[in-house]
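Examination of the molecular architecture
Each chain is listed here by its residues.
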Amino acid sequence: MDVLMPQLGETVAEGKITKWFKSAGEQVQPGDNLFEIETDKVSMEVPSTTAGVLAEIRVPAGAVAPVDAVVGVIAAAGATAAAPRVAAGRPADLPNSLPKSPPISHSAAPAAISEPEPSRVALDPFLEVRTPERNYGPARLPDGATVTPLARRLAGEAGIDLSQLRGSGPHGRIVARDIAGAPHARHEPPAAAAGATETKALYEAGSYQEVPLDGMRRTIAARLTLAAQTVPHFYLTADVDIGRLIALREEANNAAPKDRDGNPAFKLSVNDFIIRALALALQAVPAANAVWAGDRILRFSHSDIGVAVALEGGLITPVIRHAETKPLSAISAEMKELTARARAKKLKPAEYQGGAAAISNLGMYGVREFSAIINPPHATILAVGAARRQAIETNDGGIAFASMLSLTLSCDHRVVDGALGAELLAAIKRLIEAPVTMLV
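Just so it is clear, the structure is predicted and the values come from calculations on it, not from any experiment.

The rules behind the values
- Residues numbered from 1 in each chain as written.
- Predicted model: local features only at pLDDT ≥ 70, side-chain atom pairs only at ≥ 80, totals over all residues.
- Heavy atoms only, no water.
- Core = buried A, V, L, I, M, F, W, Y, C linked by side-chain atoms within 4.5 Å.
- Buried < 20%, exposed > 50% of the residue type's maximum accessible area, 1.4 Å probe, protein only.
- Helix = DSSP H or I, 4+ residues; strand = E, 2+ residues; numbered from the N terminus.
- Contact = heavy atoms within 4.5 Å.
- Polar contact = N/O pair within 3.5 Å; in protein donor to acceptor, adjacent residues only side chain to side chain.
- Pairing = 2+ DSSP bridges.
- Phe/Tyr/Trp six-rings, centres within 6.5 Å; stacked < 30°, edge-to-face > 60°.

Let's talk about the nonpolar core
- Formed by 74 residues in total, the largest nonpolar core has its most connected members in Phe35, Val71, Ile305, Leu382, Leu407, Ile428 and Ile432.
- It is helix H7 (residues 270–284) that provides the largest number of residues to this core, a total of 9 residues.
- Leaving out residues up to four positions away in the same chain, Val71 has contacts with Val3, Leu4, Met5, Ile17, Trp20, Phe35, Ile57, Arg58, Val59 and Ala65.
- Judged by nonpolar contacts, the second largest core, of 13 residues, contains Ala145, Leu154, Leu162 and Ile179.

Okay, here's the thing in structure tokens:
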């Protein structure tokens, strides 16, 4: 049985094997961990779903392989097989002439790019590779021919017209080898590599250090470039008085019950209040609790709020589900737990995918205000700046100092118009300036 690189989310195209728990020639049982993989967002252990002998390791630890590539082979227990081996060079089934596509390699050998035949079984629970249609086109062509997700990605990157190909897979399905063997595939250097050469030519050799892109940085670059180019952004900014919020937060934290060691049951942050405020505001302005879905808008009944978490070399946005139903103490505890697992790269795809809105807080870095780029498919993202003391005019015409915070709401104009965005931001402002309303 071929062991395949599993799919860890719809937008994940490859994974890095960081460790093999079994050696070639070892017995394996269902549930035994075979290897550990790391993507741009998570790391996890992958178990075997069958019993037998790990006859071959095709992708060694440290190498990167595309989703659905064969990374190893399990032979039936007692079967006669060739001597077990570990890949030390280029796998035999990797096509010699791939179309225009970034190389899939680290310091070790690349993995095979191959389509799963009916005898190959993907590791449960990862079954089919689901390449988004919006990225590489439909899975079924007008003439009725079907195309595998890997073939769609390779053809899209190589600029190959799939309608001109005849599939060699089951029932005429177009598979990866059809793309690699296409006579009109382009073989010039990838645009990214050409761009790097042009950029380096502007600087004196030895005056810089080259930092290779890891999976996370490549994904961030691709998604934010796509967002900036395809999502029509507009921005709304409001200054919010957080004096009452700070006082309520201090009172709540002081009143938190403590365990035997004196540790409080919770410690609320300003960000916890802002998460709750955005969740309740989306309930008050339900038309803004929505996302763009190509040919329609999806509106949601619950407020699922993504919160940007900074990681080494990038960021990730775990989602607080049904945030409008959760008290501040529950939001605080969940956010701390998600942040810890995000920084350990232990989040599951379901914990950072989806949601309709997000929050990005740079206040702890002293940033007064900024405009955040929307993370599709979200329709809004709230950028939070640093609190500051500011002189304001009182109702009687005098001058007083207040604790102020700048909030900037980035909106997808396809979903949220100017007036609707202003209504949502006003609802957030009301809740933050009267924080007791978030407790009832």
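Observations regarding the environment of Asn254
- Structurally, Asn254 can be placed in helix H6 (residues 243–254).
- For Asn254, a relative accessible area of 56% corresponds to the exposed category.
- With 12 residues separating them along the chain, Asn254 and Phe266 place their C-alpha atoms 9.8 Å apart.

Details of the side chain of His378
- Inspection of the secondary structure puts His378 in the loop between strand S17 (357–361) and strand S18 (380–384).
- A relative accessible area of 5% places His378 in the buried class.
- For His378, the side chain forms a polar contact with the main-chain oxygen of Gly355, separated by 3.4 Å.
- Each residue touching His378, except ones within four places of it in the same chain, is listed here: Val291, Gly354, Gly355, Ala356, Ala357 and Ala358.

Some words on unusual backbone geometry
- Following Pro376, the chain continues to Pro377 via a peptide bond in cis, the omega torsion being 10 degrees.
- Here the phi dihedral of Asp68 falls at roughly 80 degrees; this positive angle occurs in a residue that is not glycine.
- For Asp68, the position within the fold is in the loop between strand S7 (64–66) and strand S8 (70–75).
- Taking relative accessible area as the criterion, Asp68 reaches 8% and is therefore assigned buried.
- You will see that His322, though not glycine, has its phi angle at about 50 degrees, which is positive.
- Counting through the fold element by element, His322 comes out in the loop between strand S16 (319–320) and helix H8 (328–343).

Points about the pairing of strand S6 (residues 52–57)
- Of all 6 residues that make up S6, 6 are buried, and the element is covered over most of its length.
- Judged from the 2 bridges that link them, strand S3 (residues 27–28) and S6 form a sheet pairing that is antiparallel. In the sheet register, Val28 faces S6, and the bridge partner there is Gly52.

Side note on the packing of aromatic side chains
- If you walk through the whole model with that rule in mind, you get 1 aromatic pair.
- Ring centres 4.9 Å apart and planes at 50 degrees place the aromatic pair Trp20 and Phe35 in the tilted group. One end of the pair, Trp20, is in strand S2 (residues 14–20); the other, Phe35, is in strand S4 (residues 33–38), and 15 residues separate them in sequence. For the pair formed by Trp20 and Phe35, the shared burial category is buried.

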